[in-house]
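Fold and geometry: a report
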Amino acid sequence: MIIRKAVRVTKPRISLTKPRLIATIPVSSPAVQFAINPLTSRLYFIQGDNHLGVLDTKTNKIITTIQIGKMPSYMAVNTRTNRIYVSNFYDGTVSVINGLTNRVISTIKVGERSDHIAVNTHTNLVYVSTISLGSRNANLVVLNGATNKIHSKIPFKGRPSQILVNALTNRIYVTNTTTDTLAVVRGDTSKIIATLKVGRNPVITPVLDRKTNQLYIANNLSRYSSVVNLRTLHVRKIQLGRRQREITLNPLTCRVYISSAQISVKGRLFVVNNRTNKVIGSLIVPAFSDVLINPRTNHLFVSESTETGAVPLNVYHGSSLKPLAKLKVSAGSGSLLLNPRTNPIYVGGEKTITVIQD
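In this numbering scheme, every chain counts its residues from 1 along its sequence in written order. Selection of residues for local features in this predicted model requires a pLDDT of at least 70, selection of side-chain atom pairs for listing and counting requires 80 or more, and totals for whole chains, interfaces and linings are taken over all residues. Working from all heavy atoms in the structure, the side-chain values ignore hydrogens and water.

So, on to the sheet that holds strand S22 (residues 244-250). Neighbouring strands of a sheet are bound in pairs by backbone hydrogen bonds; such pairs are parallel or else antiparallel. We call two strands paired when DSSP finds no fewer than two bridges between them. Strands are runs of DSSP state E lasting at least two residues, helices are runs of H or I lasting at least four, and both sets are numbered from the N terminus onward. Read from one edge to the other, the open sheet built from 4 strands follows the order S22-S23-S24-S25, with strand pairing classed as antiparallel. The open sheet terminates on both sides in strands that have one partner only, identified here as S22 and strand S25 (278-285). Across the sheet, the mean angle from the axis of one strand to that of its neighbour is 20 degrees, orientation sign disregarded. In this description, a line fitted to the C-alpha atoms serves as the axis of each element, helices being fitted only across the stretch in contact, and the angle between N-to-C directions of two axes falls anywhere from 0 to 180 degrees.

We now examine the packing of aromatic side chains. Any Phe, Tyr or Trp ring, taking Trp's six-membered ring, that has another such ring centre within 6.5 Å forms a pair; planes under 30 degrees apart are called stacked, those over 60 apart edge-to-face, and the others tilted. Under the counting rule described, the total for this entry stands at 1 aromatic pair. Each ring, one from Phe 34 and one from Phe 45, has its centre 6.4 Å from the other, and the planes form 85 degrees; the classification is edge-to-face. On the criterion of sequence distance, the pair formed by Phe 34 in strand S2 (residues 31-37) and Phe 45 in strand S3 (residues 42-47) is long-range, its members being 11 residues apart. Per residue, the accessibility class of Phe 34 equals that of Phe 45, and both read buried. For a lysine, the NZ atom is tested; for an arginine, the CZ atom; a charge sits over a ring if that atom is within 6 Å of the ring centre and within 35 degrees of the ring normal. The lysine or arginine in question, Arg 113, covers the ring of Tyr 90, its NZ or CZ lying 4.6 Å from the ring centre. Above the face of the Tyr 224 ring, Lys 237 is positioned so that its terminal group lies 4.6 Å from the ring centre. Exposure categories follow from relative accessible area, calculated using a 1.4 Å probe and restricted to protein chains: below 20% of the type maximum is buried, above 50% is exposed, and the middle band is partly exposed.

Looking at the secondary structure, you find Ser 330 in the loop between strand S29 (323-329) and strand S30 (336-338). C-alpha separation for the pair Ser 330 and Lys 191, spaced 139 residues apart in sequence, amounts to 45 Å.

This part covers unusual backbone geometry. Backbone geometry places Asn 82, a non-glycine residue, at a positive phi of 55 degrees. Mapped onto the elements of the fold, Asn 82 is located in the loop between strand S6 (72-78) and strand S7 (83-88). Positive phi outside glycine occurs at Asn 148, with the angle close to 60 degrees. The topology assignment puts Asn 148 in the loop between strand S12 (137-144) and strand S13 (149-157).

This next bit is on the environment of Ala 23. As for its position among the elements, Ala 23 is in strand S1 (residues 20-26). Taking the C-alpha atoms as reference, Ala 23 lies 6.0 Å from Thr 354; in sequence the two are 331 residues apart. Sequence-distant contacts of Ala 23, that is, excluding residues within four places in its chain, are made with Asn 60, Ile 353, Thr 354 and Val 355. Any two residues having at least one pair of non-hydrogen atoms within 4.5 Å are treated as being in contact.

All right, on to the sheet that holds S13 then. Read from one edge of the open sheet, 4 strands run S10-S11-S12-S13, paired in antiparallel fashion. The open sheet has two edge strands with one neighbour each: strand S10 (113-120) and S13. Ignoring which end each strand starts from, the neighbouring axes of this sheet average 20 degrees apart. Pairing analysis gives 8 bridges linking S12 to S13, with the strands arranged antiparallel.

This part covers the pattern of salt bridges. Pairs may arise between side chains of opposite charge once their charged atoms sit close together. A pairing counts as a salt bridge when a side-chain nitrogen of Lys or Arg comes within 4 Å of a carboxyl oxygen of Asp or Glu. On inspection of all chains with the given rule, the structure shows 4 salt bridges. We note a salt bridge from Arg 186 to Asp 188, for which the minimum N-O separation is 2.5 Å.

On to the side chain of Asn 219, then. As for its position among the elements, Asn 219 is in the loop between strand S19 (214-217) and strand S20 (224-229). If near-sequence neighbours (up to four positions away) are discounted, Asn 219 is found in contact with Val 198, Gly 199, Arg 200, Asn 201, Pro 202, Tyr 224, Ser 225, Ser 226, Arg 243 and Gln 244.

Looking at where Tyr 216 falls in the secondary structure, it is placed in strand S19. C-alpha separation for the pair Tyr 216 and Pro 206, spaced 10 residues apart in sequence, amounts to 5.5 Å. For Tyr 216, the residues in contact, after removing those within four places along its chain, are Pro 206, Val 207, Asp 209, Ser 226, Val 227, Ile 238, Ile 247, Val 256, Asn 274 and Asn 277. Of note is the side chain of Tyr 216, whose polar atom sits 3.0 Å from the side chain of Gln 214. Polar contacts, as counted here, are pairs of nitrogen or oxygen atoms within 3.5 Å of one another; within protein the pair requires one atom able to donate a hydrogen and one able to accept it, and residues that are adjacent in sequence qualify only if both atoms are side-chain atoms.

To continue, consider the confidence of the model for the protein. Overall, the prediction assigns the protein a mean pLDDT of 92, with 92% of residues at 70 or greater. In predicted models, pLDDT denotes the confidence assigned by the predictor to each residue on a 0 to 100 scale. Throughout residues 1-10 the model reports pLDDT below 50, and contacts reaching past four residues in sequence, or to other chains, amount to 23 contacts.

Before going further, it helps to spend a moment on the pairing of strand S32 (residues 352-357). Of all the 6 residues making up S32, 6 are buried; the element is thus mostly covered by neighbouring parts of the structure. Of the two faces of S32, the one lined by Thr 352, Thr 354 and Ile 356 and the one lined by Ile 353, Val 355 and Gln 357 are each fully buried. Across 6 bridges, S1 lies against S32 in antiparallel orientation. Looking across to S32, one finds that Ile 25 is bridged to Ile 353. Turn length for the strand S31 (residues 344-348)-S32 hairpin, with the two strands adjacent in sequence and antiparallel, is 3 residues.

Given below as structure tokens:
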């Protein structure tokens, strides 16, 4: 495990221009759950009940649509092998797609239902959380990316949910929404080496701060978030007074952004200093908001999910929280994704994908 005694903070580049809309791409059905391979300039998005769209980010044109399994839920991309893995919830399968040919090359049965998925690009192992309908037992299934076969199964009591892989330390972190815990898995042995108590319903994918060696967990049914010191495996609480919906991190400014989960009232976005793990600011946001931070520009994007009409995509300064811009995107907007190579933001919607140049 990597331990750093001192933290050096690199200041983000100060952007002299405001984000602007550069393209609106029509889609045949709502575009959700983005993933990207920046090396091949391909963006992947789930469409409908059993399709995967492929977008060329150089031309902003849709290349093809690929038929996959029923109710696809999550994706993972191995940029080293140019393989795309899609977890098909209803089928309990994983579709493996060759990014060069845009063809499904394997469909792997992993359980009764398959949920979150993540890949370790260093070991070429793929991790899938599964759900058992008839019992409280489930598995974290490990796939061999070279053979497209099941490598091993790690048994869980309860429901393994969100997965985060630290390829540098070969540790896999898995939240459990039944036991409200975080499992720490050794990648070389496929064994659980620790189980840590966190808040209720940790159904949101955690974020990892490699500089401070801390893992941040948003708890959907608790009024505090959890932060794990990965060296000592000590868990502490960050009191927010709200349940949580989304979490994102700017490692360059030592800021963690956590949005609250609200139904009928305005939400709140909390800013946490990851050196002190204290709330240093907050912002009123729409009840259903997705958030994204661009570390290079320190621009914070907040989208509002609505069913009809154009909605605003609000942009704030990541440190001062001052509003910078308000851009109109299509109804149903939610999924946000940054292309770390060329710096555009992609916003999914009911009928379009909006591209914002930051």
